[in-house]
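Letter by letter, the chains look like this.
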Amino acid sequence: MERTPPDRCRVLESYQDGVKAVRSLAETVADWDVPTPCADWQLIDLAGHLRCVAENFLEYLQDAPDSRLAKLFAQDAATAVLIRQQARQNAAELAVLPPEPGPERILAFGVSAGAYADLLPDMWDRTHLIYRGTKYTVGDHAGAACVEWHLHAWDLARAIGADYRPRDPDLLVSAWHWGVPHLPLEPGDSWEAVLRSSGRSPRWPDPSEGPGRARRRRSGRQSSVRRPPASPGGAAGRPAR
């Protein structure tokens, strides 16, 4: 698999592709209460997560190289610790979001994701964080953001009974190596490797796949804190199995 730094133009194109895919798929959602490949999350939760992550990415970029994400990685903590800390952050942020409808959450996602893209060209080579003695740039993190958006586009598609495959899955493999340094990438087809490495089953909701299997829609009052999905652009890793 490709281990050279991903091409800047391809990363920028893939980033925009991912944002557009999320927004386009969200426009087709008829029911925001259906389950998703992210364990215990409905589409409304996924929309909230997208909003939070896009806002966080923009914050990390504006604060680079002294962001709270950079400070977390500077601890050189074990992967499991990074996963737990980001999982707690994801759950806490989602729990305090206002009870807004899915389209409003996706709109907010688009605003922050767009602002991030606007800042990228002038900050591309700036240090984003240092992890175990290796410097990772803003451009490296942009690749991780690509992975994030395409993964969640796939989540959206599968939740509404469709499928999704990015135009440039090989770019996402390279972006994973440079933008998600704390998580190994599984072998195989480029896109399926990214899906499996993030804890997803490429054939969800096939019940025989086990992890990430479809769950029945819940009724009544929903819990305010649910298990967060993978967030490779930050510090989260595979969802609990």
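Residues numbered from 1 in each chain as written. Predicted model: local features only at pLDDT ≥ 70, side-chain atom pairs only at ≥ 80, totals over all residues. Heavy atoms only, no water.

1. So, unusual backbone geometry
Our working definition: Numbered from the N terminus, helices here are DSSP runs of H or I no shorter than four residues, and strands are runs of E no shorter than two.
That bond from Ala64 to Pro65 is cis: its omega, 5°, falls within 30 degrees of zero. Residue position: Pro65 is located in the loop between helix H2 (43-63) and helix H3 (68-73). Of note, the bond from Trp204 into Pro205 is cis; its omega dihedral lies within 30 degrees of zero at 15°. For Pro205, the location among the structural elements is in the segment after helix H8 (190-197). One non-glycine residue with positive phi stands out, namely Asp40, at about 70°. Summarising the element assignment, Asp40 is placed in the loop between helix H1 (8-26) and H2.

2. Quick notes on the pairing of strand E2 (residues 134-137)
Selection criterion: Here a strand pair is declared whenever DSSP counts at least two bridges between the two strands.
Sheet analysis places strand E1 (residues 127-131) next to E2, joined by 4 bridges and oriented antiparallel. Residue pairing for E2: Leu129 is matched across the bridge by Tyr136. In this structure, the hairpin formed by E1 and E2 is closed by a connection of 2 residues, where Arg132 is found at a positive phi of approximately 50°.

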